[in-house]
Amino acid sequence: MPAHPLRPAAAPRLALVGMGPRGTGLLERIAANAPGLLCGSPLDLHLVDPYPPGGGRVWRREQSPLLWMNSHAEDVTLYTDESVACAGPVRPGPSLAEWAALVRDGGPGAETIRLDPDTAGDVRALHPRDFAGRRLQNAYLSWVYERAVAALPPGVTVHRHHRRAVRLDRAPDGRQRLWLDGADAPLLADAVVLCLGHLDAAPDPAQQDLARFAAAHDLTYLPPQFTADSDLRALRPGEPVLVRGIGLAFTDLMVLLSEGRGGRFTPDGPGRLAYHPSGREPVLYAGSRRGVPYRAKIGYPWDGEPPTPPRFLGPAQAEQLRRLPRDPDLHRDLLPLVAKDLGYAHYHRLFTAHPERTRTAWTDFAETYAASPPGSAELDALVAASVPDPADRLDLAALDRPLRLRTFPGTAALQEAVRTHIEADIARRDDPRHSADFAVFLALLSVYAQLGNTGGPAWHGFFSYLASGPPAPRLRQLVALSRAGIVRFLGADAVFTTDREAGTFRAHAASVPGHVVRARALVEARLPEPTVERSRDPLLRGLAAKVTGRGLLAVDPADGRVRAGLYALGPFTDAGGTGAAFARPRTNAVAFRQNDATARAVLRLVGGGVVPHPRPFPVAEEAAAPSHPRPGAAPRTPDRASPGVLKRRTG
C-alpha cells in the first residue's frame, strides 16, 4: 500500500504480548509464513514481556531445580510436523528429547547451543521417557526462540521490550495503542496478539472471606497460585497444614516442603521409596472432592494401530456445546458424549491388541456399540457379553470417584486404602497389558482438543485427573511421604471451613465420618481458574467488555481475532484447545493450528508494504529496562545498535 504523499512512511508494526511458550510458538509460525505473505515488505516486530523470552514466567530458569515437567521429554515439542493440518509451511524441529540428543551427540547445529554446566549435565542424562526439570525445559524453549528469530526473513526488525504491558486501547487513527509499565508514551501497532498464558487471578468472594479470617486471627492462607511463586516460609516445621487439592499444584507443594527442606528419598524395595525427614517439614492434611491424586502418567510407549479420532464428539457437537449460554454441565451435557468416544477407543484397542480377552469380533461389537445410547442397558449388556473380565471394561464412574460411597473406621485405614489405590494405579499404568488405558488417554486428548475451555472448570478437572496426572516417580514419593506421616489424606468430599470459636481453619471429609482436623494454615493447592474480570493482569482485565458469559475473552476460533487488529491465544479465551502451548509430536495439535492461522491472519493484515502514519511513533524501544520500573520513569531510547533492537538487514 503506497504511503500518503504528505505523510512520513513507516514499516507496519506487529506486537506480541507474552513471549513464553505460546508467544514463542507463534513467533515460529510468523517466521515460517512471513516469506510468502510479506513478500519482502518491511515489518517491525515488537516482543513484549518482562521475563526472558522462550520460557516466560512459568518456565523461567529461576525456580527450584527440584521441579519437573509433567510430560515425557519425547512428548514435548514446539514444532509442526507432517500431522499438523495448517495452511502455512511445515518446518519440523526437534522435540525436547531430540534436542537433548542433538546437544549430547554433537549433531548439526549443536555448536550454537550454549548451556551452563548444570543444565549441560541434565541434558546429557536426559532420556526420551524421562521427565525433564523445568530449568532444562527453559533451555529448550530459549533455543526455540532464538532459532525463530534467526529464521525471520530480511526486512523484519525485532524489538525487545523488557516491560509489562498494562493497558490496550485504540489510537485516534484506529491503530492499537499498547501502554507499557513505566513508559511515558504508548507503543502504537497495526496489530497486537495477546499470548499471555496462565495468569494470576484476584480471590473470588469465598477466598476473600478466608483471607480476611486469616488476617483477623493471625493465620496463614495461601490462595490459588503457581506453587513455584508461593511464599512457603509461613508453613512452619511440624505444624499441621490443611491443603485443598491433590493435583499437580499439590505435587509441587509436597516436593518443595519435603526435598526442598532437606529431606531425602531412598530406595525401599522394588518400586518403593522411603522418606527420611529433615525435621523442617510441616504435616500436610490433603483433601479434595475425589480424595485421591490424579492418575499416574502412562509408563510405556504407544505401538500398533494409531488411535481412533473422535467419532461421537466431533466438531459439530463441540460447536453446539460452545453455543450454549452457559458452561455445559459435565454429567448432563458432556460425559455422555465423552464416554461414548472414550469407550470406543478403549474397546477398539482391547479387541485389536488383546483379542484373547474378548468374545466377539470387533466389527460386530463396533456396529452395536455405535448404535447403543450412552449409559444404556443395551450398551452395558453388550460390554458384559463381549468382555468377560470386569478389569478390562471401561468404568468411568469408578475411575473418576474411587472412594465414592466408601467409609473407613479411622484415619489409619483410610491412609492405607489411598496408598494401596495409588500403588495399584502406578502398576496398571506401567503395564502394557492394559494398553486400552493408553487408548483412552489419547482419545481424551482428542476430545479435549474439540472442547478446550468450553466445558468449564468441572470438565477441565475431569480431563486433568485422567490425562494430566503426575509422573509415577512423584506418586511413589507421595506414598513414601504418607508412610512417613508427612502427608495425611483427608478423604473424599473434603470440606474446608473456618472455626470461629477456635480461631482456626477446619477440615473434614466423608471418608471418615466425625474426623475433624484443625490447623492455623490453609493452602489452596490449585491454579487460579482462567478469568478476565478477576485477572491480576491489568491489560486483560481492561478487556472485560469483550468476555463471554463464561468470563473468558470472546475470540473467533478460526484465528483468535478479538476485534480489528487485536488477537488473543490462550486459556483466557473461549476458543477450544488453547490451554497447552506445546504438545505431543505427530498429534495435529490444536495449538499449532491456531498459531499458524493467527500468524497468517496478522501477516496479511500488516503486509502489503508500508503503512501511512500521520506522525512518527512516539515509542521508546528498550534493551534492559527493569521488570517493574519506577512509575513515570523516563524511557530510554537506545542506540540503533542496542541489543534491545535486533536489526535485520532489509536486503
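Reference entry: report on the structure contained in this document. (Residues numbered from 1 in each chain as written. Predicted model: local features only at pLDDT ≥ 70, side-chain atom pairs only at ≥ 80, totals over all residues. Heavy atoms only, no water.)

1. Quick word on the side chain of Lys340
In step 1: Mapping Lys340 onto the fold places it in helix α8 (residues 330-353).
In step 2: No salt bridge is formed by the buried Lys340; its nearest oppositely charged neighbour, Asp341, is found at 8.7 Å.
In step 3: A polar side-chain atom of Lys340 sits 2.8 Å from the main-chain carbonyl oxygen of Ser372.
In step 4: Contacts of Lys340, omitting those with residues within four sequence positions, involve Phe312, Tyr369, Ala370, Ser372 and Pro374. (Helix = DSSP H or I, 4+ residues; strand = E, 2+ residues; numbered from the N terminus. Buried < 20%, exposed > 50% of the residue type's maximum accessible area, 1.4 Å probe, protein only. Lys, Arg positive; Asp, Glu negative; His and termini not counted. Salt bridge = Lys/Arg side-chain N within 4 Å of Asp/Glu carboxyl O. Polar contact = N/O pair within 3.5 Å; in protein donor to acceptor, adjacent residues only side chain to side chain. Contact = heavy atoms within 4.5 Å.)

2. Some words on the nonpolar core
Taken as a class, soluble globular proteins show a tendency for nonpolar side chains to be buried jointly.
In step 1: If you look at the biggest cluster of nonpolar residues, it comprises 69 residues, and the most contacted ones within it are Phe250, Val338, Leu444, Leu451, Trp459 and Phe462.
In step 2: A per-element tally of this core places helix α13 (residues 436-451) first, with 10 residues.
In step 3: Residues in contact with Leu444, not counting those within four places in the same chain, are Val338, Leu342, Trp459, Phe462, Phe463, Leu466 and Ala467.
In step 4: Listed in part, the 28 residues of the second largest apolar core include Leu26, Tyr145, Val158 and Val602. (Core = buried A, V, L, I, M, F, W, Y, C linked by side-chain atoms within 4.5 Å.)

3. Description of unusual backbone geometry
In step 1: Of note in this structure, Asp493 is not a glycine but carries a positive phi near 55°.
In step 2: You can see Asp493 is positioned in the loop between β14 (487-491) and β15 (495-499).
In step 3: For Asn588, which is not glycine, the phi dihedral falls at a positive 50°.
In step 4: Looking at where Asn588 falls in the secondary structure, it is placed in the loop between β20 (566-568) and α17 (590-606).

4. Observations concerning the packing of aromatic side chains
In step 1: Applying the stated criterion across every chain yields a total of 23 aromatic pairs.
In step 2: Arranged with centres 6.4 Å apart and planes meeting at 45°, the rings of Trp459 and Phe463 form a pair that is tilted. Taken together, the residues span about one helical turn, with Trp459 and Phe463 both in helix α14 (residues 456-467) at a distance of 4 residues.
In step 3: Here Arg167 stacks its cationic end above the ring of Trp179, 4.4 Å away from the centre of that ring.
In step 4: Positioned above the aromatic ring of Tyr465 is the side chain of Arg290, whose terminal nitrogen or guanidinium carbon lies 4.1 Å from the ring centre. (Phe/Tyr/Trp six-rings, centres within 6.5 Å; stacked < 30°, edge-to-face > 60°. Lys NZ or Arg CZ within 6 Å of the ring centre and 35° of its normal.)

5. Quick notes on the pairing of β15
Look at any regular strand and the pattern is simple: side chains alternate between the two faces of the sheet.
In step 1: Across 5 bridges, β15 lies against strand β16 (residues 504-508) in antiparallel orientation. By the bridge assignment, Phe496 is partnered in β16 with Ala507.
In step 2: Linking β15 back to β16 in an antiparallel pair, the connection comprises 4 residues, with Gly503 at a positive phi of about 70°. (Pairing = 2+ DSSP bridges.)

6. Brief notes about empty space enclosed by the protein
In step 1: The tally for this structure, following the rule as stated, stands at 7 cavities of 30 Å³ or more.
In step 2: What the largest cavity holds in volume is close to 110 Å³.
In step 3: In terms of lining, the largest cavity is formed by 15 residues, of which the most central are His198, Leu199, Glu529, Pro530 and Thr531.
In step 4: Residue composition of the lining of the largest cavity, by class: 9 nonpolar, 4 polar and 2 charged.
In step 5: In this model, the second largest cavity occupies a volume close to 70 Å³. (1 Å grid on protein atoms, 1.4 Å probe; cavity = no way out; pocket = protein on both sides within 12 Å on 5 of 7 lines; lining within 4 Å. Points joined across faces, edges and corners; volume = space filled by probe spheres on them. Nonpolar A, V, L, I, M, F, W, Y, C, P; charged D, E, K, R; others polar.)

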